[in-house]
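Remarks on the overall topology
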Amino acid sequence: YIEQQYYGENYRIFAIDDKVIDIIHRKFPQVIGDGINKLSTLITNNSNYRLANNHPILKPDYDFILKKYYYTYDTIIPKDEIIIVTDIVNYHRGSVACRVDINSVHPDNIEIFKKINNIFSIKYSGIDFLTKDISKSYKEGYGVIIEINTAPDDAIHYKAECGNDNKEYRRKYIKALFPELNEVKLN
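About the cut-offs
- Going along each chain's sequence as written, the residues are numbered from 1 onward.
- Per-residue local features are limited, in this predicted model, to residues with pLDDT of at least 70; the limit for side-chain atom pairs, both in listing and counting, is 80 or more; totals at the level of whole chains, interfaces and linings are taken over all residues.
- Working from all heavy atoms in the structure, the side-chain values ignore hydrogens and water.
- Every helix listed is a DSSP run of H or I at least four residues long, and every strand listed is a run of E at least two residues long, numbered separately from the N terminus.
- A simple rule labels every residue: compare its accessible area, found with a 1.4 Å probe on the protein chains alone, to the largest value its type can have, and call it buried under 20%, exposed over 50%, or partly exposed in between.
- Contact definition: two residues touch when any of their heavy atoms are within 4.5 Å.
- Here, Shrake-Rupley sampling with a 1.4 Å probe gives the accessible areas, and only protein chains in the shown set may cover a residue.
- Note on aromatic pairs: the rings of Phe, Tyr and Trp (six-membered ring only in Trp) are paired at centre separations within 6.5 Å, and the planes decide the class, stacked below 30 degrees, edge-to-face beyond 60, tilted for the rest.
- In protein, a polar contact requires one atom able to donate a hydrogen and another able to accept it; more generally it is a pair of N or O atoms within 3.5 Å, and residues adjacent in sequence count only if both atoms are side-chain atoms.
- Only buried residues count toward a nonpolar core. Its members are Ala, Val, Leu, Ile, Met, Phe, Trp, Tyr and Cys residues joined through side-chain atoms within 4.5 Å.
- The salt bridge definition used is simple: a Lys or Arg side-chain nitrogen within 4 Å of an Asp or Glu carboxyl oxygen.
- When DSSP finds two or more bridges between two strands, those strands count as paired.
- Only the contacting stretch of a helix is used when fitting its axis, a line to C-alpha atoms as for every element, and angles between N-to-C directions run 0 to 180 degrees.

Things to note about the overall build of the protein
Summing up its helical and strand segments, the protein has six helices and seven strands in all. Ordering the α and β elements of the protein from the N terminus gives α-β-β-β-α-α-β-β-α-β-β-α-α. Principal axes of the C-alpha set define a box for the protein whose edges measure 55 × 40 × 25 Å. Taken over 187 residues, the protein has a buried fraction of 39%. Residue pairs in contact within the protein that sit at least 24 positions apart in sequence constitute 68% of those at least 6 positions apart. For the protein, the computed accessible surface area is about 10,700 Å², with 51% contributed by carbon and sulfur atoms.

Examining the packing of aromatic side chains
Overall, the coordinates contain five aromatic pairs when judged by the stated rule. Ring centres 5.9 Å apart and planes at 75 degrees place the aromatic pair Y62 and Y73 in the edge-to-face group. Of this pair, Y62 sits in helix α3 (residues 62–69) while Y73 sits in the loop between α3 and β4 (82–84), placing them eleven residues apart in sequence. Given the relative accessible area of 32%, Y62 is considered partly exposed. Residue Y73 is classed as partly exposed on the basis of its relative accessible area of 47%. Here the aromatic rings of Y69 and Y71 are separated by 6.1 Å at their centres, their planes lie at 15 degrees, and the arrangement is stacked.

Describing the side chain of T86
Inspection of the secondary structure assignment puts T86 in the loop between β4 and β5 (96–99). A distance of 3.2 Å separates the side chain of T86 from the backbone nitrogen of I88, its partner in a polar contact. Sequence-distant contacts of T86, that is, excluding residues within four places in its chain, are made with F28, P29, K59, D61, F64 and R93.

Some remarks on the nonpolar core
Judged by nonpolar contacts, the single largest core of 14 residues is most densely connected at Y11, I13, I23, V105 and F113. Elements supplying a minimum of two residues to this core: β1 (9–16), β2 (19–27), α4 (107–120) and β6 (124–131). The element that contributes the greatest number of residues to this core is α4, accounting for four residues. With sequence-adjacent residues up to four places away left out, I13 is seen in contact with V20, D22, I23, F113, S125, G126, I127 and F129. Counting residues in each nonpolar core, the second largest holds 13 residues, with I43, L58, I77 and V85 among its members.

Examining the pattern of salt bridges
Counted by the stated rule, this structure contains ten salt bridges. We note a salt bridge from D18 to K19, for which the minimum N-O separation is 3.9 Å. Note that D74 is salt-bridged to K38, the shortest N-O span being 3.6 Å. Of the two residues, D74 sits in the loop between α3 and β4 while K38 sits in the loop between β3 (30–32) and α2 (39–52), which places them 36 residues apart along the sequence. Each member of the salt-bridge network shares a partner with another, and the members are R12, R26 and D128.

Some remarks on the sheet that holds β1
A sheet is described by the order of its strands in space; here five strands give the open sequence β5-β2-β1-β6-β7, paired in antiparallel fashion. The sheet terminates laterally at β5 and β7 (144–149), the two strands that pair on one side only. Across the sheet, the mean angle from the axis of one strand to that of its neighbour is 25 degrees, orientation sign disregarded. Relative to β6, β1 is paired through eight bridges, and the arrangement is antiparallel. When the bridges of β6 are listed, E9 appears paired with T131. Packing of α4 onto the sheet brings it into contact with β1, β2, β6 and β7, and relative to β6 it is tilted by some 140 degrees.

A few points about unusual backbone geometry
A positive phi is found at N54, a non-glycine position, where the angle reads about 65 degrees. In this fold, N54 is placed in the loop between α2 and α3. The exposure class of N54 is exposed, given its relative accessible area of 52%. Non-glycine residue Y70 carries a positive phi angle of around 65 degrees.

Take a look at the structure:
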């Protein structure tokens, strides 16, 4: 219900113990019109590209598209028009995952993310956070935690499509789970 009431960008925070390992911005699954192809072709082409690059394909909701844009799968989409194909922002439904520079996140937000695992007595979590501006504090009304996943799938983190190096995420992940490796150089 919170997700339906609060509007903003969708983020997944991966935390181990009291450390924020990674933050991903999940963008709405979408296609961009070229003025030539039908919506169904744009979705197929986008899905083929995603599949070839080891990412989940788009899973469009044609009822949503029809209600939002009045387009059918046979509509030729005007050049450069962005069509959100589902209102479910989920990596496994075709959301583009972009890594966020943790330094761009408000310190209050980082602190609450760090405390989550201790509050719930869990080792690691995937925290789903909605905000209109992640650089501003949740204390000022910028953001809500909508879900805490206690056994999160981290594919979105090690397969991020834009942002910093995915190998760095794996290094942080392994070193947080095995602190004795902090002095070992990992490739």
